[in-house]
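The chain contents come next:
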Amino acid sequence: PGDIITLGPGVFAGGFSITTPGITILGTEGTIIEGGLPGIAIHADDVTLKDFTMACGVDATGIYLQHDSLPLNNVTLEGLEVTQCKTGIEVATPVTNIKLLNNWIHANTGDGLLFQKPASVTGDTTVIKGNLFKVNGGYGIQNLNSRTVDARYNSWGATTAAGGDKVKGKVNVANPTYAEVFLDV
């Protein structure tokens, strides 16, 4: 517990599970985790994934959250690019105090972020903000539960979620952020 694993630039094999609480995996510029069914499975509390690209393949989930003793607690996904997966991020169990911050979740063949039944999001510090959901084949966020997911202050690849990556189920998408900058050099 409390270990930090720092990955340098390069391509690393996915398909591993995190079962020890308190693990942090930090990437650097050019860190790519590729492959696996799923790419990374999180089965422990207090886990942080930060600053790398997850590209697992069109038949797999990029990042899968599931815990045997409910709920899964204190998971942070920050600064990730999750792309070219079937589902970008799948939450298959109730979670509390989850943080999805400043991620680029795009070009997945299915949903960008999927909350399965009986998954639900609770906790005073649950935050899903600053993410860009764009050109996913399914929904930007799909919530299959009766509890509303708060996804305010995210970008949907258009000025509203209705114009870009859409959402399904109870998802609050108020106050979207949107900007695309093009430079002619």
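Here, the structure is the one placed above.
Residues numbered from 1 in each chain as written. Predicted model: local features only at pLDDT ≥ 70, side-chain atom pairs only at ≥ 80, totals over all residues. Heavy atoms only, no water.

K.L.:
Could you clarify how one ought to interpret the overall build of the chain in this entry?
P.N.:
The helix and strand tally for the chain stands at zero helices and 20 strands. A globule of 185 residues ought to have a C-alpha radius of gyration of about 16 Å, and the chain, at 15 Å, matches this closely. Expressed along its principal axes, the backbone C-alpha trace of the chain runs to roughly 45 × 40 × 30 Å. Looking at the chain residue by residue over its 185 residues, the buried ones come to 44%. (Helix = DSSP H or I, 4+ residues; strand = E, 2+ residues; numbered from the N terminus. Rg over C-alpha atoms; globule rule 2.2 N^0.38 Å. Buried < 20%, exposed > 50% of the residue type's maximum accessible area, 1.4 Å probe, protein only.)

K.L.:
I'm lost on the side chain of Thr61 in this one. Help?
P.N.:
Turning to its location among the elements, Thr61 is positioned in strand S8 (residues 53-65). With a relative accessible area of 13%, Thr61 lands in the buried category. A distance of 3.1 Å separates a polar atom in the side chain of Thr61 from a polar atom in the side chain of Glu90. What Thr61 contacts, discounting residues up to four positions off in sequence, is Pro38, Gly39, Cys56, Cys85, Thr87, Gly88 and Glu90. (Polar contact = N/O pair within 3.5 Å; in protein donor to acceptor, adjacent residues only side chain to side chain. Contact = heavy atoms within 4.5 Å.)

K.L.:
Which parts of the structure should I look at to understand the pattern of salt bridges?
P.N.:
Where charged atoms of side chains with opposite charge meet at close range, the side chains can pair. This structure, assessed with the given rule, holds one salt bridge. The residue Asp150 makes a salt bridge to Arg152 at a minimum N-O spacing of 2.8 Å. The exposure class assigned to Asp150 is partly exposed, which follows from its relative accessible area of 35%. Overall, Arg152 belongs to the partly exposed group, its relative accessible area being 27%. (Salt bridge = Lys/Arg side-chain N within 4 Å of Asp/Glu carboxyl O.)

K.L.:
Would you take a moment to explain unusual backbone geometry for this structure?
P.N.:
Residues other than glycine predominantly adopt negative phi, and peptide bonds predominantly adopt the trans conformation. Note that the residue after Leu37, namely Pro38, is joined by a cis bond; omega there is 0°. Tracing the sequence through the fold places Pro38 in the loop between strand S5 (31-34) and strand S6 (40-42). Unusually for a residue other than glycine, Gln84 sits at a positive phi of about 60°. Positionally, Gln84 belongs in strand S10 (residues 81-91).

K.L.:
Whenever I open this one, the environment of Gly36 confuses me. Can you help?
P.N.:
As for its position among the elements, Gly36 is in the loop between S5 and S6. As for Gly36 and Gly57, which are separated by 21 residues in sequence, their C-alpha atoms are 7.9 Å apart. Leave out the neighbours within four places in its chain, and Gly36 touches Gly14, Gly15, Cys56 and Ala60.

K.L.:
What's the story with the pairing of S5 in this structure? I'm lost.
P.N.:
Strand residues, when the strand is regular, have side chains that alternate between the two faces of the sheet. Alternating positions in S5 separate cleanly, Thr31 and Ile33 being buried on one face and Ile32 and Glu34 remaining unburied on the opposite face. Bridging between S5 and S8 involves three bridges; their strand directions are parallel. Looking at the pairing, Ile33 lines up with Met54 of S8. (Pairing = 2+ DSSP bridges.)

K.L.:
It is not clear to me how the nonpolar core should be interpreted in this structure. Could you clarify?
P.N.:
Looking at soluble globular proteins, one finds that nonpolar side chains tend to be buried together. By size, the foremost hydrophobic cluster in this structure holds 39 residues, and its most contacted members are Ile42, Leu49, Ile63, Leu65, Leu77 and Ile89. For this core, the secondary-structure elements that each account for two or more residues are S6, strand S7 (47-50), S8, strand S9 (72-78), S10, strand S11 (95-101) and strand S13 (113-115). Leave out the neighbours within four places in its chain, and Ile89 touches Ile63, Leu65, Leu77, Val82, Leu100, Ile105, Gly112, Leu113 and Leu114. (Core = buried A, V, L, I, M, F, W, Y, C linked by side-chain atoms within 4.5 Å.)

Shape is all these values report; function is a separate question.
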